[in-house]
Amino acid sequence: MKIMNVKIGIKSLDQGLADFVDTANKIQKNLPVKKKDGVYFTSIEAFRKALTPKRMELLHLIRKEKPVSIRSLARISGRDIKNVTNDIQYLARLGLLELNETGKNLETMVNYEKILLEIAV
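Counting restarts for each chain: residues are numbered from 1 in the order of the written sequence. In keeping with the model being predicted, local features are shown solely for residues with a pLDDT of at least 70 and side-chain atom pairs are shown and tallied solely at 80 or more, while totals for entire chains, interfaces and linings include all residues. Working from all heavy atoms in the structure, the side-chain values ignore hydrogens and water.

Undergrad: Any chance you could break down helix 4 (residues 70–77) for me, citing the residues and the numbers?
TA: Looking at helix 4, one finds that the buried residues are Ile70, Ser72, Leu73, Ala74 and Ser77. On its buried side, helix 4 packs onto helix 3 (53–65), helix 5 (81–94) and strand 4 (105–109). Strands here are runs of E lasting at least two residues and helices are runs of H or I lasting at least four, both read from the DSSP assignment and numbered beginning at the N terminus. A positive phi of about 75° marks Gly78, the residue just after helix 4. Type-normalised accessible area, obtained with a 1.4 Å probe on protein chains alone, sets the label of each residue: buried when under 20%, exposed when over 50%, and partly exposed for intermediate values. Whether two residues touch is decided by their heavy atoms; if any such pair falls within 4.5 Å, the residues are in contact.

Okay, structure coming up:
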């Protein structure tokens, strides 16, 4: 597995929409579009709500312990399976982890080592 970083940024809604319009215009004109990987939030408050200490702990445990199922992740973390499942599904929607079905289990994977936070001033 290749170690990589995940970029998280803070962008205003106007800035995000402007980036979208710029990309759409380039596509329309058949100009090259630079792919931007990462997860963006509209404010630091939104970032804090999304990446709570408990969710960050789950990411760390997944990377370190490599649990074979969400049930085993709940056991390792000492948390209720329902809450862990909700957090895992949310983190997967953000693109911060991968979910793979293996038989009856839902395996989780974190394919990066660091989260880089970028804030424009």
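Undergrad: So what's going on with the packing of aromatic side chains? Residues and values would help.
TA: Any two of the Phe, Tyr and Trp rings considered here, Trp counted by its six-membered ring, make a pair once their centres fall within 6.5 Å; the pair's planes then place it as stacked at under 30 degrees, edge-to-face at over 60, or tilted in between. A complete count under the given rule lists one aromatic pair for this structure. Measuring from centroid to centroid gives 5.9 Å for Phe41 and Phe47, while their planes differ by 70°, and the two rings are edge-to-face. Take Phe41: its relative accessible area is 8%, and that puts it in the buried class. By relative accessible area, which is 17% here, Phe47 ends up buried. Only when the NZ of Lys or the CZ of Arg is both within 6 Å of the ring centre and within 35 degrees of the ring normal is a charge said to sit over the ring. Here the basic side chain of Lys11 rests over the ring of Tyr40, its NZ or CZ set 4.4 Å away from the ring centre.

Undergrad: An account of the environment of Ala24 is requested, with residue identities and associated values reported.
TA: In this fold, Ala24 is placed in helix 1 (residues 13–28). Note: C-alpha distance between Ala24 and Leu51 (27 residues apart in sequence) is 30 Å.

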